[in-house]
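What follows is the residue order along each chain.
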Amino acid sequence: AAQLGVAFFEEKLCAMCVRWLQDCVYTIRESAIANVRKLTELFGLEWAAAHLIPKVMATRQSSNYLFRLTALSTVSSLATVVGS
């Protein structure tokens, strides 16, 4: 992501990373949470607040409880970035 730049990532990869948060496989969702945290560290809180966090928060409305739990885990993971 750092080598490709923010604009390319937003255009081509951001939606895919968010979709991984709703994968049916737990390890994919777990890796997606780590990706979101690393992207927030890389691109900054303002970028994440504009592009990632609203999409993560939208998954809270899912009818699948696993996806709702993933949204909570993602927010919990981001708390370590925001707190530093």
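Check the entry above for the structure.
Here is a short report on the structure shown in this document. Since the model is a prediction, treat every value here as computed from it, not as a measurement. (Residues numbered from 1 in each chain as written. Predicted model: local features only at pLDDT ≥ 70, side-chain atom pairs only at ≥ 80, totals over all residues. Heavy atoms only, no water.)

A bend of about 60° at Leu13 is the largest found in helix 1 (residues 6–20). Restricting attention to buried positions, one finds in helix 1 the residues Phe9, Cys14, Cys17 and Val18. (Bend = angle between axes of the 7 residues up to and from the residue. Helix = DSSP H or I, 4+ residues; strand = E, 2+ residues; numbered from the N terminus. Buried < 20%, exposed > 50% of the residue type's maximum accessible area, 1.4 Å probe, protein only.)

With that settled, consider the nonpolar core. The biggest cluster of nonpolar side chains holds 16 residues, and the ones touching the most others in it are Phe9, Leu21, Val36, Leu39, Phe43, Trp47 and Leu52. Those elements that provide at least two residues to this core are helix 1, helix 2 (26–43), helix 3 (45–51) and helix 5 (65–83). (Core = buried A, V, L, I, M, F, W, Y, C linked by side-chain atoms within 4.5 Å.)

The next point concerns the packing of aromatic side chains. Enumeration according to the criterion identifies one aromatic pair in this entry. Considering the side-chain rings of Phe43 and Trp47, the 4.8 Å spacing of their centres and the 70° angle between planes classify their relative orientation as edge-to-face. Assigned by exposure class, Phe43 and Trp47 land together as buried. (Phe/Tyr/Trp six-rings, centres within 6.5 Å; stacked < 30°, edge-to-face > 60°.)

The next point concerns the environment of Arg37. With respect to the helices and strands, the residue Arg37 is situated in helix 2. Spatially, the C-alpha atom of Arg37 lies 9.1 Å from that of Ala79, the residues being 42 residues apart in sequence. In contact with Arg37, not counting residues within four places along its chain, are Ser77, Leu78, Thr80 and Val81. (Contact = heavy atoms within 4.5 Å.)

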